[in-house]
Amino acid sequence: MAQPAMQPRMYQYEALEKAREQNTILRMDTGTGKTLVDTMLIRHVTSTPVLTVEPRKLIVFLSPGVDLVRQQARTIQQQTNLRVKSFVGDDVRRSANDKPDSEPLPLKFQFWEREVWMEEFKEADVIVCTPQIWLNGLDHAYWDLTRVSLLIFDEAHHTRWRRFANSMSLHYHPAKASGKSLPRILGMTASPVWKPEKVLKAIQELETNLDATLFEIKVHQSDVLKATPRPKEQCVEYDEAPKLKTTAFEQELLDLQPELEWDDKTWSRIAITKQDLGTLGCDIFLSHLLSDHLHHATQSLFNSPLSPSLTSLNTRLLSFVTAEPLTNQNSTPHLRALIDVLVGFRDRPHFHAMVFVKQRNHARVLVDLLHKSKELQGWVRADWLVGHGGKEEEGRGHGMDVKEQEKKVARFRKSETNVLLATSVAEEGLDFPTCSVVVRFNAVQTMTSYIQSRGRARADDSYLYILAQRDSLDVVMYSKFVDGEKGLTDLYGEHESVEVSADDFLDLGLDVYTVDSGAKLFHQRAISLLSEACSLLPTDAFAPVQQPKYTITGSGRTWNAKVQLPMIVCMGTQRVFHSATSTGTISTKAAAKQSAAFQACKALHQAGGLDEYLLPPRGTTRGAGGRDADGDRVDTTKVPESLTSRTPNLFGNIRNPDTPLFLLTVEVFDGDETLSIGLVAASPLVDFFGGKLFPADPDRELVVRVASRELLEIRGEERRDFLAKLDDFNRTVLRLVVNIKLMAEPLDILWAPLLPAGKGIDWDGVANVLVPIPPTGSPSGSHVWIPCRRVRTSAATFVQVRADVTTHSSARDVDPEPRRKHVRSFKKADTYLQAAEWIYLHHDPTPTIPDAVFQLRTLSNEVPNLLSRTPPRIPSTYHTPRLVNYPSKMCRTSPLPASFFQLMRQTPSLTRLLHDTVHAQAIINEFELPQIDIPLLIEALTAPSAMLGFDYQYLETLGDSVLKLLTTLHIYIENPTLDEGRMGPLRANSVSNQFFRTRSLKIGFNKAILSELFRTRSWVPSTSHDAKLVDDGTTVERQIKRRWLSDTMEGALGAAYATGGIKMALETGDKLGLCFGGTTPWGERPSSRKGVKSDFGSPAGLRCIEEKLGYTFKDVRLLQQALTHRSATGAETYCYEREEHLGDGKASFSVLDFWATIRLYELFPHSTPRVLTYLRALLVNNATLAYLSVHVLSLHRSTLHGSASLDLAIKVAVAQVESSNADAEADSDSDAEGATAAFSMARIVDDLSWSWDPPKILGDIFEAVLGSIVVDDGFRLETVFGVLDQVYAEIMPHLQAIERRDPVSKLVMFYQLRHCVGIKIKVIPTKDPKSTLPEYQATSTFHSDTVLATCTSSSKAVARQLAARATLAYFEKPGGEALFDKCTCTPEETGTNVKLSGKKEEDEDDEPESEEVPPAGPSVASLFEEEEEKSEEDDGAGEFVTTRVREY
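Residues numbered from 1 in each chain as written. Predicted model: local features only at pLDDT ≥ 70, side-chain atom pairs only at ≥ 80, totals over all residues. Heavy atoms only, no water.

Explain the overall build of the protein chain here, please?
Of regular secondary structure, the protein chain possesses 47 helices and 35 strands. The buried share of the protein chain, reckoned over its 1448 residues, is 54%. When the accessible surface of the protein chain is totalled, it reaches about 63,800 Å², and 51% of it is carbon and sulfur. (Helix = DSSP H or I, 4+ residues; strand = E, 2+ residues; numbered from the N terminus. Buried < 20%, exposed > 50% of the residue type's maximum accessible area, 1.4 Å probe, protein only. Areas by Shrake-Rupley, 256 points an atom, 1.4 Å probe, with all protein chains shown as cover.)

Would you explain the packing of helix α36 (residues 1169-1180) against helix α37 (residues 1182-1192) in this entry?
The relative placement of two packed helices is expressed as an angle between their axes plus a distance between the axes. Contact geometry of α36 with α37 gives a least axis separation of 5 Å together with a crossing angle of 40°. On the basis of the axis angle, α36 is oblique to α37. The residues of α37 that touch α36, namely those facing Leu1178, Leu1179 and Val1180, are Asn1182, Thr1184 and Leu1185. For the contact of α36 with α37, the residue count by class is 4 nonpolar, 2 polar and no charged. (Axes fitted to C-alpha atoms, helices over the stretch in contact; angles between N-to-C directions. Parallel < 35°, antiparallel > 145°, perpendicular 65-115°, else oblique. Contact = heavy atoms within 4.5 Å. Nonpolar A, V, L, I, M, F, W, Y, C, P; charged D, E, K, R; others polar.)

Please clarify how the environment of serine 149 should be interpreted in this entry.
Inspection of the secondary structure puts serine 149 in strand β5 (residues 148-153). Between the alpha carbons of serine 149 and isoleucine 59 there is a distance of 5.7 Å; along the sequence they are 90 residues apart. Setting aside residues no more than four positions away along its own chain, serine 149 makes contact with Val45, Lys57, Leu58, Ile59, Pro183 and Arg184.

Help me understand the pattern of salt bridges in this model?
Counted under the stated rule, the structure contains 52 salt bridges. Its salt-bridge partner being arginine 646, residue glutamate 1037 comes within 2.7 Å of it at the nearest N-O pair. Residue glutamate 1037 is found in strand β32 (residues 1035-1041), and its partner arginine 646 is found in strand β19 (residues 642-648); the two are separated by 391 residues along the sequence. Taking the relative accessible area as the measure of exposure, glutamate 1037 reaches 18% and is therefore buried. The shortest N-O distance in the salt bridge between aspartate 979 and arginine 982 comes to 3.6 Å. Accessibility classification places aspartate 979 together with arginine 982 in one group, the buried group. (Salt bridge = Lys/Arg side-chain N within 4 Å of Asp/Glu carboxyl O.)

I keep staring at the pairing of β19 and nothing clicks. Help me out?
Look at any regular strand and the pattern is simple: side chains alternate between the two faces of the sheet. Only one face of β19 is buried: it carries Leu643, Ser645 and Thr647, and the other face, with Ser642, Thr644, Arg646 and Pro648, is open. Summarising the sheet, β19 and β32 pair through 7 bridges and their orientation is antiparallel. The residue bridging leucine 643 from the neighbouring strand is isoleucine 1040, located in β32. (Pairing = 2+ DSSP bridges.)

How should I be thinking about the environment of proline 845 in this particular structure?
Within the element layout of this structure, proline 845 appears in the loop between α24 (832-840) and β28 (852-858). In this structure proline 845 comes out as exposed when scored by relative accessible area, which is 62%. Sequence separation between proline 845 and lysine 889 is 44 residues, and the spatial gap between their C-alpha atoms is 9.4 Å.

I tried to follow the sheet that holds strand β21 (residues 674-681) on my own but got confused; where do I start?
Strand pairing in a sheet takes place through backbone hydrogen bonds and is either antiparallel or parallel in direction. Pairing is antiparallel in the open sheet, where 5 strands are placed in the order β22-β23-β20-β21-β24. The open sheet terminates on both sides in strands that have one partner only, identified here as β22 (691-693) and β24 (750-752). Averaged over all adjacent pairs, the angle separating strand axes in this sheet is 35°, with direction ignored. In this structure, strand β20 (residues 661-669) lies alongside strand β23 (residues 702-712), joined through 9 bridges in antiparallel fashion. Considered in β23, the bridge of leucine 664 is made with arginine 709. Of the strands in this sheet, β20, β21, β23 and β24 touch helix α20 (residues 716-737), which is tilted by about 80° from β24.

Any chance you could explain the sheet that holds strand β12 (residues 437-440) here in plain terms?
Reading across the sheet, the 6 strands line up as β8-β13-β12-β9-β11-β10 and stay open at both edges, with parallel pairing between neighbours. Bordering the open sheet on either side are β8 (232-238) and β10 (382-385), each of which pairs with just one other strand. Within this sheet the neighbouring strands show an average axis-to-axis angle of 20°, counted without direction. The pairing of strand β9 (residues 353-356) with strand β11 (residues 419-422) spans 4 bridges and is classified as parallel. Its bridge partner being in β11, alanine 353 is matched across the sheet by valine 419.

Help me understand the packing of helix α28 (residues 953-974) against helix α35 (residues 1151-1163), please; the structure alone is not making it clear to me.
One way to put it is that α28 packs onto α35 with a least axis distance of 8 Å and a crossing angle of 150°. Here α28 lies roughly antiparallel to α35, going by the angle between them. For α28 against α35, the interelement crossing comes out left-handed. Taking contact as the criterion, the partners of Tyr954, Leu955, Thr957, Leu958, Ser961, Val962 and Leu965 in α28 are, on α35, Val1151, Asp1153, Phe1154, Thr1157, Ile1158 and Tyr1161. Of the residues in the contact of α28 with α35, the class split is 9 nonpolar, 3 polar and 1 charged. (Left-handed = near helix turned anticlockwise from the far one by under 90°.)

Would you take a moment to explain the packing of aromatic side chains for this structure?
Any aromatic ring pair is given by two values, namely how distant the centres are and how the planes are angled relative to each other. Summed over the entire model, instances satisfying the criterion amount to 32 aromatic pairs. For the pair tyrosine 450 and tyrosine 478, a centre-to-centre distance of 6.0 Å together with 80° between the ring planes defines the contact as edge-to-face. Taken together, the positions of tyrosine 450 in helix α16 (residues 447-454) and tyrosine 478 in helix α17 (residues 473-494) put the pair 28 residues apart, joining distant regions of the chain. Measuring from centroid to centroid gives 5.0 Å for phenylalanine 1371 and phenylalanine 1380, while their planes differ by 25°, and the two rings are stacked. Residue class for phenylalanine 1380 comes out buried when judged on its relative accessible area of 13%. Ring pairing ties together the aromatic residues Phe345, Phe351, Trp379, Tyr463 and Tyr465, which thus form one cluster. Geometry around tryptophan 143 places arginine 147 over its ring, the cationic atom sitting 3.9 Å from the centre. The aromatic ring of tryptophan 763 is capped on one face by lysine 725, whose charged end is 5.9 Å from the ring centroid. (Phe/Tyr/Trp six-rings, centres within 6.5 Å; stacked < 30°, edge-to-face > 60°. Lys NZ or Arg CZ within 6 Å of the ring centre and 35° of its normal.)

Whenever I open this one, unusual backbone geometry confuses me. Can you help?
A positive phi angle is found at histidine 1343, which is not glycine, with a value near 55°. One can find histidine 1343 in the loop between β34 (1335-1342) and β35 (1346-1353). Although it is not a glycine, serine 1344 adopts a positive phi angle of roughly 70°. Here serine 1344 lies in the loop between β34 and β35.

What follows is the structure, encoded as structure tokens:
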């Protein structure tokens, strides 16, 4: 909400009228309200009606500093109702999906996308930013001056410099010359000139640059004087200080200079501080320097122990400067002059003083000195304020960020401090309270500084003091400023303006490169643009930030420049560009350098290295604001954890009288005989073409088919009676053979017995499903049914009629050893009949007549899961046959054959098979997928929660590898000018979980998920417990998990590959909208590189590699490129990064990962997903690849690079590998730095992945060679697969389907099982003076006070693993675990606040509701088998099973 506007004065109205009439530069003193004038002008411009056909225009307000941008934006926002946006420069990129922010947005303006700017401008009326940001926007055609109504320059005197006025000289004046509509210009300044010499020239330059006229208040000048009374001025002269001797602490630091390594600038600042502020001030400055030095030492990369001598000196120095008072002996006349000035205002009410100093460190030291002055103690509250920009150097002083500056200004405004020691940052712009006293501690250097600092003294009866050494040039300079200012006011108002010509702003002979979008490249901007483009190139530990290298030659007025670019993929081998102009000669070094950069930028744009707006190519942002491989913006719509999915009811709604009814004859063939059963549904299930069920016997399969489909022509009452009979029949039979607890759950379909020869339903069997058994019994072994809800088992076989007892016998006589829960009933009952009535709720209609007692042998009621080919890992112990006794009247037999009841026991699996098969085929038809194998597609679509014995995890892992491979190849082929750093985000955006989730919802693939719970022991129809029928029963609603959206799509892709290879996978991905680039084979795509033999033969250094690979390159330059590191100088090819990206395996993205996944499936088809995950990681980790690079292929011998540290790292790694083939003596004699003990093949497949950390380049070149083979062979995978089979031939036979864990994982499991979180491993960098390699020390502690182990390594990761292994060894020692007796972890800390005892007593007659009983306490499985939702920022890298270690 806008705040009430301040009341303007008459002189401000005078300035406003002038600004409304023409382009104007307002010359108004500090404190006279320039900001109010520009605010009134903004109101005027935004209140003037415009034609509807005119485009919407912005107001642009330019301020030279970050703090000024923030302040001006806030003021405009408070004084108007306009939407204000402010922008400052920073290193943080912003995306189009970020929420708008009223504060200055952290950004790197050059790399915003056009859509981001359009969104920002759409939501703003006023833009406040720095001149450089505005210039960048104009250069890259994100906005145009013709769409700006008002352009305001705050502190306009800065526009005399090109960097502040380039937006005018490069854009405004050329646009004016071409007759375009331009904005009104308003400049504001307190002092247009810097020095009193050549005043008229300075004014004319300012007016020319801004195309505006300087205006001075004339008519209402008296109002100005009333509003801003000038302070009284006085030049305070002080005597020159004598030459001061070196202090004792200064001498000690000089003696320690070898440890300090301070440069000459630092010692020069120390000397200046001592001469200006005295010996105490010097010691205070030294204490600041030393404290900062020690602090930086602790934060450095190599955390070496602090020097004891420096630490001791720092302690003594701090104690000294804290206790030492300020005296005449340890101060200077300069400092005394300042104190004397301030003392004169001791009794001044509302006292505020501002002291301007030249150096940052002086401001900080003076605060301490003023607080030590006895004359000032008790009433002076000093603080310091400095700028935040510039390079931080030792001794120069720390900068302040904007927030810290604002806090200090606010404290000064609230009188919490009353003396502010400030640098020039306080001269202009910032909003300070009126000051009583302003002191220039150092000499005034410019007219602008003099006038602006004086403007801070705006209080009544205020003073300006200039401190200057007696009889120095500083006194003379001050006099010149005073005398010169007297004539400036008249000159400002009466000077003659110069007509501006556009030619004055055109650098003759310098071209302007304009692209179709309107973006322009100028010579003046080429160097910075080229530098920014190169800074985005990929880097690694051995190739730091890439920058162009310039070479300048010439003399006098003729100069030439050459620029050599780092490796840029789109430039190929063209890396050197020379300066050139249309005039033929270049007169300055700077112009020559600009010309060379200009030529390089042109070529970079033409090669695709800069986009249509002369920026690095877009689409390289990962996640929000980025693009996928097809160029579409990433959809960042938040998908909830759980969501509703609607799928058709495939069986139809038999309860709807308007739907047809079908009788399907379902046949089940077990290899010997065919059994038939009838199925009544509201759908003919025409998409069911057969399927299989899998009994426990692995040699048998049940083949299921629908033999016939008959439309039942029944209506009305006949239909209702038909369904009612079958419903009763199904409930009776299902309670007997499937679920004795089945109640009134609605049945989706109805089963029925059939007459022989397909003559319809056996209605006699339906009506007489159960019949009484005569008292004489039934044939031995015949089936008996006990249709009572309270019995333990409802199926049995007849044994005999008990001749020794009847129902009137004693209960104990019938069953001497009753079950525990029946004992009480047996004791109370007089007869067995009475006990049976109580226990089973049995009612005998003739209780006075004794009844026979049948002895039966129970049969299992277990419902088999016939859907999974893999038998359960734990054999069922659900039922043990036993002899039981029942009254004969409780027992029933059935005229239906036992085979029918056998089929009915299979109906849960049979129903699920029918449903899922029809569902899978419907998905194929709806999404026009290729004909994927139906069982594989069912597996791919089945969520883990379905509990079918299989789910999508295996195929999702396979599909994940297929996805990454196909996406990576598409990106590689279609983006030949993108390097690895830009391909990576494209790939991540195209395979991320977010991409698949939103894609699944967009195309409706969420309906494909099969999540219905399948519980055999407590089976009920699927729609009765985890779903509901809607739309009159034609649609089923279920809740699905967010994760299933992405996993099932990847599973479908895996099923497609398993069915029809890469071709079918491409077709499936194309139909699902994945970023595969269509179905055309890669080698046949127009943009792919054909495998054409080049004119280059294989040199000797590469021929041996080809022999070891078993592959001869058609273009050997690809192999050369695969072996070239970015640091290589003079390389004839690009580096290996693009091909390494293609062959990458560690990130689960490409060729190597795909090969490893396929081969592991073939080697271990029945292994667990967790083991396969471990084995795949073993095959593709950097240690294994480095071993193969060195030991098998010797790639290190032909690697091209230009880094000495990389060379050393490779030599160390090679020595370690070669030692594996040497004997123990050779190991001990190895003189390579950092060499370790030999490792065998057993170690390679066991602990190499965590115990050895070779340089990444060795793994990278291996992957790059694989990628080069793929490209060279026309993107045929068979060849590179053959190469990999050969290279890994030594390792593959040693693989075992055993899960091995690294020591850190073992340690986590160890202490979590003991409910302790007090074991920590901390890794810190150290430095061995005798080694050139980094060292890391890992320390394991127990509750921070007991050290368990300490290990060191040149790798941080290896050091941590070694410490974990040593910690486990500690606890394996006798008495080691006794340390846990001291553990103080609480259940809340460990996450184990659960009750571990007191199991609920289970009713023996009640079946357990779940097949799995949770363990009574945490287990390894519970800690490591928790399903984890993949992170939003996850790159989508797949695993066989997603696991995590619980974090506390």
